[in-house]
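# Understanding the architecture of this molecule
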Amino acid sequence: MSFSRGSRKIFDNISLDIPRGKVTAIMGPSGTGKTTLLKLIGGQLKPDQGSISMDGNNVHELNRKDLYRLRKRMGMLFQSGALLTDINVFDNIAYPIREHTDLDESMIRSLVLMKLNAVGLRGARDLMPSELSGGMARRVAMARAIALDPVMVMYDEPFTGQDPISMGVLVNLIRSMNQSLKLSSIVVSHDVPETMSISDHIYLLSGGKIVAEGAPDELNDSNDPWTQQFIAGQPDGPVPFHFAAEPVMQDLLQE
Amino acid sequence: MLDKLQLIGQKQLAIVSRLGQATIFLYQIILTMPGVFVRPSLIIKQLYSTGVQTLVIILVAGTFVGMVLALQAYYVLVDFGAEESISQMVVLSLMRELGPVITGLLFAGRAGSALTAEIGLMKSTEQLSGMEMMAIDPMQRVMAPRVLAGFMALPILTAIFMAVGVLGGYLVAVHGVGIYEGVYWSLAQAKVDFYTDLMNGMIKSVVFGLVIVWIAVFEGHDSVPTSEGLGQATTRTVVHGSLAVLGLDFLLTALMFGDI
């Protein structure tokens, strides 16, 4: 699959598999198009070449109705949470259920409370999104992502900007929900230790290509300098510390 | 020289392309309209925020415009001994022009800018993308109720503006400059034609309402999701909305009252 924005090639003929029932991580430096990849999988963007298929359906050949039917089976956790700010936590989670089912309110209440209980926020049901901390907002968004019992959940940078406790909670939730709900999870992140601790398989993206892939242990043992620089967080290496410029002495001595 | 021509051409193309995008956007909203009526609570909520919350500014502005009109009419007409015709001037001005136009301008400033900011912020905080990923069409759940509510609210606000304007004129004419009350009301009644004056004014307000909310929701949906982009989109809504009201007012007046 290839995808470009204007003249800039974001993905250059990449190919990847997301196995059922596993946690697959997509990692790479900022700006490599990790979020774009999730939008391509969700059908919000269209690849220039190639195809993306889920459960045998080519996402970009579906008409709007079938695409929406497919999306009901996908959950997505946005980096910002993307909670609707004019309704409270309870209504945010009830929103997709009310839109897509004819269940009565007592049933919806039970479902919403179960989802909230799974993320530990049953007591926060009456709070407005503006009253939640960053970690809580992401957990509510997680509860909303699983509201329609999807088969696949996509997490966009779930750990960014979280304190250590929230981070630990989110790491455990992604892993435990994947097992208990028998989900297929895609985690897009650049938080190396957290993502490696919960992933079954990892793809490393850079410059529009997949530069490495494998189980976390395989990547840890890799001899590839780029992979080692990314995993160890070294400031200099194949990805240089300095932005392209003329030599420093030459630059300083110029008038 | 050639560069300048090229630049003018590029700008023209950009304007036409944007107009095309806005038309497709409106068409998509209209297609989703039937689904909006399934959830009338969405329309009621938007009627409150675009209509009811604009009411105060309409009431205050309408009263003062009516009062000023009466006062200016008196200063001119008194020289000809025709000051009793104040009500005719106040009522006709309000119903044919000032009612729909000033209400439209205030609506673009108050409700239009709020709509753009709200939708733009929903876009920048990924709420619209989030809805799409939940298989919920934001055109139907966010855009369409707002367009419908604005379209319904402006004619009602215009009618209220006209009514309080006539009352403001009454205050000045009857209690300020001493015109006989019976003359004020009877002339207002006799000289206003329901279809030519009142209905044409209301038709204008319907057109203005549609155009303003169309511009407002399109600008919000099309905004660059940054604080600067949102500010620019809100400004464009007020500027384009106001200019559209004034331009369309001329066209509609020419069609309704003149032989141009």
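From a predicted model like this one, the values you see are computed outputs, not experimental measurements.

## Examining the interface of chain B and chain A
In this complex, chain B contributes 17 residues to the contact, which on the side of chain A involves 24 residues. Taken together, the two surfaces of chain B and chain A that pack against each other cover about 1,800 Å², and 52% of this comes from carbon and sulfur. Taken together, the connections running from chain B to chain A amount to four salt bridges. Joining chain B to chain A, the criterion identifies 12 residue pairs in polar contact (both at pLDDT 80 or more). Among the elements that line the side of chain B that touches chain A, the one with the most residues is helix α5 (residues 127–133) of chain B, at six residues. Its residues assigned to classes, the side of chain B that touches chain A comprises seven nonpolar, four polar and six charged.

## Focus on a negative patch on the surface
Residues and elements named next belong to chain A. Side chains of Asp-17, Glu-213, Asp-217, Glu-218 and Asp-221 sit close together on the surface and give a patch of like negative charge. Here Asp-17 shows up in the loop between β2 (8–11) and β3 (23–27). Take Asp-17: its relative accessible area is 60%, and that puts it in the exposed class.

## Looking at the packing of helix α4 (residues 86–124) of chain B against helix α8 (residues 194–222) of chain B
Residues and elements named next belong to chain B. In the contact formed by α4 and α8, the axes pass within 8 Å of each other and the chain directions differ by 15°. Taken together, the axes of α4 and α8 lie roughly parallel to each other. Two packed elements cross with a definite hand, and for α4 against α8 that hand is right-handed. The class makeup of the residues in the contact of α4 with α8 is 14 nonpolar, nine polar and seven charged.

## Points about the packing of helix α1 (residues 2–36) of chain B against α8(B)
All names here are of chain B. For the pair α1 and α8, the least separation of the axes is 10 Å and the interaxial angle reads 105°. In terms of their interaxial angle, α1 and α8 are classed as roughly perpendicular. Facing α1, whose interface residues are Arg-18, Gln-21, Ala-22, Thr-23, Phe-25, Leu-26 and Ile-29, α8 presents Trp-214, Val-217, Phe-218, Glu-219, His-221 and Asp-222. Tallied by class, the residues present in the contact of α1 with α8 amount to seven nonpolar, three polar and three charged.

## Describing the sheet that holds β3(A)
Residues and elements named next belong to chain A. Overall, mixed pairing links the six strands, which are arranged β6-β7-β8-β3-β9-β10 in an open sheet. On the outer flanks of this sheet lie β6 (74–77) and β10 (209–214), each paired with one strand and no other. The average angle at which neighbouring strand axes cross in this sheet is 15°, direction not considered.

## Some details on the side chain of Ser113(B)
Locating Ser113(B) in the fold gives a position in helix α4. Sequence-distant contacts of Ser113(B), that is, excluding residues within four places in its chain, are made with Ala108(B), Thr234(B), Thr237(B) and Val238(B).

## Focus on the confidence of the model for chain B
All names here are of chain B. Of the residues in chain B, 99% reach a pLDDT of 70 or more, and the chain-wide mean stands at 91. The lowest-confidence element of chain B is helix α7 (residues 181–191), averaging 89 in pLDDT; the highest-confidence one is helix α3 (residues 55–77), averaging 94. Our summary of model confidence lists the complex with pTM equal to 0.85 and ipTM equal to 0.83.

## Topic: α7(B)
Residue and element names in this part refer to chain B. If you check which residues of α7 are buried, you get Val-183, Tyr-184, Leu-187 and Ala-188. With its buried residues spanning 125° around the axis, α7 presents them on a single face. Turned more than 90 degrees from where α7 packs its buried face, Gln-189 and Ala-190 sit exposed. Next to the buried residues of α7 lie α4 and α6 (138–176).

## A short note on the environment of Ala143(A)
All names here are of chain A. Among the structural elements, Ala-143 can be located in helix α5 (residues 134–145). The class for Ala-143 is buried, based on a relative accessible area of 0%. Taking C-alpha positions, Ala-143 is 9.1 Å from Leu-121, a pair spaced 22 residues apart along the chain. Apart from the residues lying within four places of it in its own chain, the contact partners of Ala-143 are Ile-93, Lys-115 and Val-119.

Quick notes on the rules
Residues numbered from 1 in each chain as written. Chains lettered and ligands numbered in written order. Predicted model: local features only at pLDDT ≥ 70, side-chain atom pairs only at ≥ 80, totals over all residues. Heavy atoms only, no water. Contact = heavy atoms within 4.5 Å. Buried area = accessible area lost by both parts, 1.4 Å probe. Salt bridge = Lys/Arg side-chain N within 4 Å of Asp/Glu carboxyl O. Polar contact = N/O pair within 3.5 Å; in protein donor to acceptor, adjacent residues only side chain to side chain. Helix = DSSP H or I, 4+ residues; strand = E, 2+ residues; numbered from the N terminus. Nonpolar A, V, L, I, M, F, W, Y, C, P; charged D, E, K, R; others polar. Patch = residues over 30% accessible without salt bridge, like charges linked within 9 Å, V, L, I, M, F, W, Y side chains within 5 Å. Areas by Shrake-Rupley, 256 points an atom, 1.4 Å probe, with all protein chains shown as cover. Lys, Arg positive; Asp, Glu negative; His and termini not counted. Charge placed at Lys NZ, Arg CZ, Asp CG, Glu CD. Buried < 20%, exposed > 50% of the residue type's maximum accessible area, 1.4 Å probe, protein only. Axes fitted to C-alpha atoms, helices over the stretch in contact; angles between N-to-C directions. Parallel < 35°, antiparallel > 145°, perpendicular 65-115°, else oblique. Left-handed = near helix turned anticlockwise from the far one by under 90°. Pairing = 2+ DSSP bridges. pLDDT = per-residue confidence, 0-100. Arc of directions from axis to C-beta.

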